[in-house]
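Survey of secondary and tertiary structure
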Protein chains: 2
Amino acid sequence: MDMIFIELQKNSNMPLYQQIYNQIKQDIIDGKFPVGMKLPSKRQLEDFLGVSQTTIEMAYDQLTAEGFIAAEPRKGYYVQAIEELSYVQPTKNTLSIPTKMLNEPVHYDFSANSIDTEHFPFTAWRKYARDVMDPSNAHLLLLGDPHGDFELRQEIARYLYHSRGVDCVPEQIIVGSGTEQLLPLLIRILGKDAQYAIEDPGYLMTRHVFSENNGQTIPIAVDQEGLDVKALQRTNATIAYVTPSHQFPTGTVLSAARRTALLNWATSNSEFFIIEDDYDSEFRYRGRPIPSLQGMDKGEKVIYLSTFTKSLMPSMRIAYMVLPPRLLETYRQAFIPYSSSVPRIDQHILARFMADGQFSRHLNRMRKIYRQKMYTLTEYLTSYKPIVTFSGDEAGMHILLHIHTDRTEQELLEQALQAGIKIHNLHTYKVIQTRSVPSFLLGFGGLSEDDIRTGVDTLFRVWNIKKATAPTQ
Amino acid sequence: MDMIFIELQKNSNMPLYQQIYNQIKQDIIDGKFPVGMKLPSKRQLEDFLGVSQTTIEMAYDQLTAEGFIAAEPRKGYYVQAIEELSYVQPTKNTLSIPTKMLNEPVHYDFSANSIDTEHFPFTAWRKYARDVMDPSNAHLLLLGDPHGDFELRQEIARYLYHSRGVDCVPEQIIVGSGTEQLLPLLIRILGKDAQYAIEDPGYLMTRHVFSENNGQTIPIAVDQEGLDVKALQRTNATIAYVTPSHQFPTGTVLSAARRTALLNWATSNSEFFIIEDDYDSEFRYRGRPIPSLQGMDKGEKVIYLSTFTKSLMPSMRIAYMVLPPRLLETYRQAFIPYSSSVPRIDQHILARFMADGQFSRHLNRMRKIYRQKMYTLTEYLTSYKPIVTFSGDEAGMHILLHIHTDRTEQELLEQALQAGIKIHNLHTYKVIQTRSVPSFLLGFGGLSEDDIRTGVDTLFRVWNIKKATAPTQ
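What you are looking at is a predicted structure, and each value in this text was computed from that prediction instead of being measured.

**Some points on the overall build of chain A**
Per the secondary structure count, chain A includes 14 helices and 16 strands. In terms of its C-alpha atoms, chain A occupies a principal-axis envelope of roughly 100 × 55 × 50 Å. When each of the 473 residues of chain A is scored for burial, the buried share is 53%. As displayed, chain A offers around 21700 Å² of accessible surface, 50% of which is attributable to carbon and sulfur atoms. The centroid of the 49 positive side-chain charges in chain A is displaced by 4 Å from the centroid of its 54 negative side-chain charges.

What follows is the structure, encoded as structure tokens:
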């Protein structure tokens, strides 16, 4: 037997067996104990170190489990062959790790994706959370229906029917962690040959998802009536992705003529489908909500897509799609091995929140709040006419601002950003860049009425745009 | 038409359609029905066997779904080439099993993915939920860090360092909605030329994800010491996906020699990486937990992956990966437009639960509970020796059961399933089918000790396996 030297610190925090384990392991890694070396028997080491049999056993068991040593029956323990670890200059270094991008401080955030967080019904939400997080619901810890739990899909179906005129049964609904998670699944079942027409200007995210998952997209211009369906018909597109109730970002509504034309286009070929993204239709301030395209569809041609991002909170990550029955079986077969990506407890909190009528109540309340904010914003902008005009003010949480000036959109954008005003320019959302008056999305959902007023003032001061007339006394 | 002989047992427990399905399938596998042979039409078989149209349809549909036969429009059903089948069969089979089985009543669920739901600390969880769901946290309604909120990543880093020897800073951690959501992101940044070696047998889900997102995977055999690294070296693989602490499903530990060999393999080429999936390392019942491979890695070669599925609940959908610093910037650039798919409120509930030491407490408690269940199971199985043996009983929530009998794995599987015992056979997890003693994964996490005992008794009664000796008084 070779020499073995183990130093134990009896009053260390580290258990004795671990000290023994560590030292033998290190000696093996360092090559001090050669391969094939016989270790002292447990009994020998026990006597030698004056520790209990259990201590030695735990150390040897651990070394055996990790393969540093091996027992040969009736012979003893031997050091196993371990390749020396080839040494690579560690580049590991906290400095090389990109830390959070420290952006310029933002004083006013006019992003279109922000919402009002001040009026969220935390008390009600907490109540349903408490009810759901109960031992009587222990089964909710396990995986549920991969398409979303039935309770939630039932509430969504009910809500869609009453509020959006969407005609579906809960079985048609697939719950997912947001549009960006659901779209790739949809793309998969629509097949590799599908060609996607997208609105131009339109959502950056969907354009990104389509090109990442399928390839090229076909941009179709949007005008005052929404997507140009005649232009769509001249393309090879097989799938049209549209936001008919409230086009993003222009805010237009797809006209009735275009709606029927679009549905007829889809019906003309069995491979054609329409994806209707109804992302913020809850918030319409004039007239009744625009009914969904899905509700007009007689040919199982519309895939309806929506989310709770605007109506509840962006960070909850719950979205859903309504599949036409003929796509359901394809979907089911394609994704059998996948679980739902939406936490089940959250699904049930939301289902109860909806079932009790809290969701409708919340929407009614928020509609009033956002309407008031919209009113404040547009009222205030009016005083900057005619240099400043706006459109898309009938719904949603942003408007389109048009600045009639010789300066370019880019110049104005940079001036705003430098002054700590977060704002997005229209060209960002366009594929085909056409000459147009500098335009910006002005989101107001996350701002208080005071901030809307001072934010607009600050923005126009930065842009050196003055009120048309001095305020009358 | 060739001769076809099907024997139906009308008073068997097995549904008629399944008897028809089984016999045709077996005849195809055995080569009794040659490739290209035309099967009788549904109508012919209906008349011939005197069974309903639905019965025949269900059998043919199942055979078609699994690729044993294929329909040619207006001609009939034809036997498919078996060579192709043996290649595709494992995936296809498992894809169809879970859903079909959902319909059968399950008396005992020995699935490996179930957990104990009885001892979940609902009271503590609810407390943190209440604290988080508060107007003072209204900002949590908005989108957070796309990589996961810092508070949670900090707790995960701390936990990984102390419990798993993982060496990382919070900035390296990416939080996602489960392994199945994180892996595709990883695949994207590892590039199109990456070739993935997977353990055989191994996880079905990862194999599925790799082939869906990248193409072919390279199966590498697993033996008593874990992944065969020498076999890996002979392939073109650039990425090795491994479960070194507790190989799924065999339960072996990657030996120290193999660990260094694997790390050296990865270090030999700048494009090589190891994905270490440490899915259930919290539950080890003998000796200390096996330290992570990541902790031994000096060359930024290991991507560490884990989840809260086993340690908390499958339905929460929170997993994470630890990226080597050199991959971080690539990751950040690739996914700039994406938001985190994990609800922010849930991230903060979990972060607080961990920060207060509740997570460690829960793990210690559950370790004792699972250890006791493991003990009960293995004690009980011992009385069925030597026909029944088992392995992989040092950790986790399942063991591998080996049945020393002349019957096939498939026969035993079907008998169990028909009796309402949900169990998975080892071949399901294999890519390359080798001859071996019939083996099954026996998961016990979700069963009470009583159910473990009666479940095992029921299973062996169904299999007609008797205790070796009468119980002593």
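Having seen the structure, we can now continue with the description.
**Examining the domain arrangement of chain A**
Its domain assignment divides chain A into domain 1 (16–79), domain 2 (99–118 + 361–462) and domain 3 (137–356). Taking the mean C-alpha position of each, domain 1 of chain A and domain 3 of chain A sit 62 Å from one another.

**Some points on the sheet that holds strand E4 (residues 173–176) of chain B**
Residues and elements named next belong to chain B. Taken in spatial order, the eight strands line up as E4-E11-E10-E9-E8-E5-E6-E7 in an open sheet, and their pairing is mixed. The open sheet is flanked by E4 and strand E7 (226–227), the only strands paired with a single partner. Pairing of strand E6 (residues 217–223) with E7, which is carried by two bridges, proceeds in the antiparallel orientation. Looking at the pairing, Val-222 lines up with Leu-227 of E7. Contacts from helix H6 (residues 150–164) reach E4, strand E10 (302–307) and strand E11 (319–322) within the one sheet, and its direction differs from that of E4 by about 110°.

**Comments concerning unusual backbone geometry**
Residue and element names in this part refer to chain A. Omega for the peptide link from Asp-200 to Pro-201 comes to 0°, which places this bond in the cis form. With respect to the element layout, Pro-201 can be found in the loop between strand E5 (196–200) and helix H7 (204–213). One non-glycine residue, Arg-74, lies in positive phi territory at about 60°. Relative to the elements of secondary structure, Arg-74 occurs in the loop between strand E1 (69–72) and strand E2 (76–79). Look at Arg-74 and you get exposed, because its relative accessible area is 85%.

**A few points about the nonpolar core**
With 143 residues, the main nonpolar core has A:Leu401, A:Phe460, A:Trp463, B:Leu401, B:Phe460 and B:Trp463 as its most contacted residues. A:Leu190, A:Ile198, A:Met205 and B:Leu182 belong to the second-largest nonpolar core, a separate cluster that totals 56 residues.

**Examining the pattern of salt bridges**
In total, this model carries 32 salt bridges over all chains according to the counting rule given. Between A:Glu155 and A:Arg158 there is a salt bridge, and its shortest N-O distance comes to 3.3 Å. Placement of both A:Glu155 and A:Arg158 in helix H5 (residues 150–164) is noted, with a separation of three residues, approximately one turn of the helix. Close ionic contact of B:Arg284 with B:Glu394 constitutes a salt bridge, the shortest N to O distance being 2.9 Å. A residue pair is termed long-range when its members are at least 10 positions apart, and B:Arg284 in the loop between strand E9 (273–277) and E10 and B:Glu394 in the loop between strand E12 (388–391) and strand E13 (398–403) qualify at 110 residues. A relative accessible area of 30% places B:Glu394 in the partly exposed class. Put simply, B:Arg284, B:Arg286, B:Asp393 and B:Glu394 are held in one network by salt bridges that share partners.

**Comments concerning the sheet that holds strand E16 (residues 439–443) of chain B**
Residue and element names in this part refer to chain B. Strands sit in the order E12-E13-E16-E15 across an open sheet of four strands; the sheet is antiparallel. The sheet is open, and its two borders are formed by E12 and strand E15 (424–425), each paired with just one other strand. Where helix H14 (residues 409–418) meets the sheet, it contacts E13, E15 and E16, and its direction lies at approximately 35° from that of E16.

**Describing the pairing of E12(B)**
Residue and element names in this part refer to chain B. Residues Val-388 and Phe-390 line the buried face of E12, whereas the alternating positions Thr-389 and Ser-391 sit on a face that is not buried. One ladder, built from four bridges, connects E12 with E13; its direction is antiparallel. From the neighbouring strand, Thr-389 faces E13, where its bridge partner is His-402. Hairpin connection from E12 to E13: six residues lie between these consecutive antiparallel strands, with Gly-392 at a positive phi of about 70°.

**Some thoughts on helix H10 (residues 256–267) of chain B**
All names here are of chain B. If you check H10, its first and last C-alpha atoms are 17 Å apart, about what 12 residues at 1.5 Å a residue would give, namely 16 Å. Most of H10 is tucked away, with 11 of its 12 residues classed as buried. Along H10, the residues classified as buried are Ala-256, Ala-257, Arg-258, Arg-259, Thr-260, Ala-261, Leu-262, Leu-263, Asn-264, Trp-265 and Ala-266. Buried residues in H10 make contact with E6, E7, helix H9 (229–233), strand E8 (239–242), E9 and E10.

**A short note on helix H15 (residues 449–462) of chain B**
Residues and elements named next belong to chain B. Its 14 residues give H15 an end-to-end C-alpha distance of 20 Å, which sits within 8% of 20 Å, the value for a rise of 1.5 Å per residue. Taken residue by residue, H15 has Ile-452, Gly-455, Val-456, Thr-458, Leu-459 and Phe-460 as its buried positions. One or two residues past the end of H15 sits Asn-464, with phi positive at roughly 60°.

**A look at the interface of chain A and chain B**
Between chain A and chain B, the contact holds 68 residues from the first and 74 residues from the second. For the pair chain A and chain B, the two sides together bury roughly 6400 Å², of which 64% comes from carbon and sulfur. For the pair chain A and chain B, the interface holds four salt bridges. Here B:Asp134 and A:Arg126 are joined by a salt bridge, their closest N and O atoms 3.7 Å apart. Counting every contact that joins chain A to chain B gives 14 residue pairs in polar contact (both at pLDDT 80 or more). Broken down by secondary-structure element, the contributors of at least two residues to the side of chain A that touches chain B are helix H1 (16–29), helix H3 (53–65), helix H4 (122–132), helix H6 (179–190), H7 and helix H11 (344–355) of chain A. By residue number, the principal contributor to the side of chain A that touches chain B is H4(A), which donates five residues. For the side of chain A that touches chain B, the class distribution of residues is 36 nonpolar, 16 polar and 16 charged.

**Description of the packing of H1(A) against H3(A)**
Each pair of packed helices can be described by the angle between their axes along with the distance between the axes. Residue and element names in this part refer to chain A. Orientation of H1 relative to H3, taken along the N-to-C sense of each, is 40°, at an axis distance of 8 Å. In terms of axis orientation, H1 runs oblique to H3. Where H1 crosses over H3, the two elements pack in a sense that is right-handed. Here Leu-16, Tyr-17, Ile-20, Tyr-21, Ile-24 and Lys-25 of H1 lie close against H3, whose contacting residues are Thr-55, Ile-56, Met-58, Ala-59, Tyr-60, Gln-62 and Leu-63. Split into classes, the residues belonging to the contact of H1 with H3 amount to 10 nonpolar, two polar and one charged.

**Observations concerning the packing of aromatic side chains**
Residue and element names in this part refer to chain B. On inspection of all chains with the given rule, the structure shows 42 aromatic pairs over all chains. Their ring planes at 70° and their centres at 5.1 Å tell us that Tyr-159 and Phe-359 sit as a pair that is edge-to-face. Here Phe-359 lies in helix H13 (residues 358–382) and Tyr-159 lies in helix H6, a separation of 200 residues in the sequence. Considered together, Tyr-159 and Phe-359 belong to a single accessibility category, that of buried residues. With a centroid separation of 5.7 Å and an interplanar angle of 75°, the aromatic rings of Phe-210 and Tyr-241 are classed as edge-to-face. Of this pair, Phe-210 sits in helix H8 (residues 204–213) while Tyr-241 sits in strand E8; the two residues are 31 residues apart in sequence, bridging distant segments of the chain.

**Some words on the side chain of B:Asn22**
All names here are of chain B. Relative to the assigned elements, Asn-22 resides in helix H1 (residues 16–29). A relative accessible area of 14% means that Asn-22 is categorised as buried. Not counting chain neighbours up to four residues away, the residues in contact with Asn-22 comprise Met-14 and Glu-414.

Analysis parameters
Residues numbered from 1 in each chain as written. Chains lettered and ligands numbered in written order. Predicted model: local features only at pLDDT ≥ 70, side-chain atom pairs only at ≥ 80, totals over all residues. Heavy atoms only, no water. Helix = DSSP H or I, 4+ residues; strand = E, 2+ residues; numbered from the N terminus. Buried < 20%, exposed > 50% of the residue type's maximum accessible area, 1.4 Å probe, protein only. Areas by Shrake-Rupley, 256 points an atom, 1.4 Å probe, with all protein chains shown as cover. Lys, Arg positive; Asp, Glu negative; His and termini not counted. Charge placed at Lys NZ, Arg CZ, Asp CG, Glu CD. Domains from an automatic or database assignment. Pairing = 2+ DSSP bridges. Contact = heavy atoms within 4.5 Å. Axes fitted to C-alpha atoms, helices over the stretch in contact; angles between N-to-C directions. Core = buried A, V, L, I, M, F, W, Y, C linked by side-chain atoms within 4.5 Å. Salt bridge = Lys/Arg side-chain N within 4 Å of Asp/Glu carboxyl O. Expected span 1.5 Å × (residues − 1). Buried area = accessible area lost by both parts, 1.4 Å probe. Polar contact = N/O pair within 3.5 Å; in protein donor to acceptor, adjacent residues only side chain to side chain. Nonpolar A, V, L, I, M, F, W, Y, C, P; charged D, E, K, R; others polar. Parallel < 35°, antiparallel > 145°, perpendicular 65-115°, else oblique. Left-handed = near helix turned anticlockwise from the far one by under 90°. Phe/Tyr/Trp six-rings, centres within 6.5 Å; stacked < 30°, edge-to-face > 60°.

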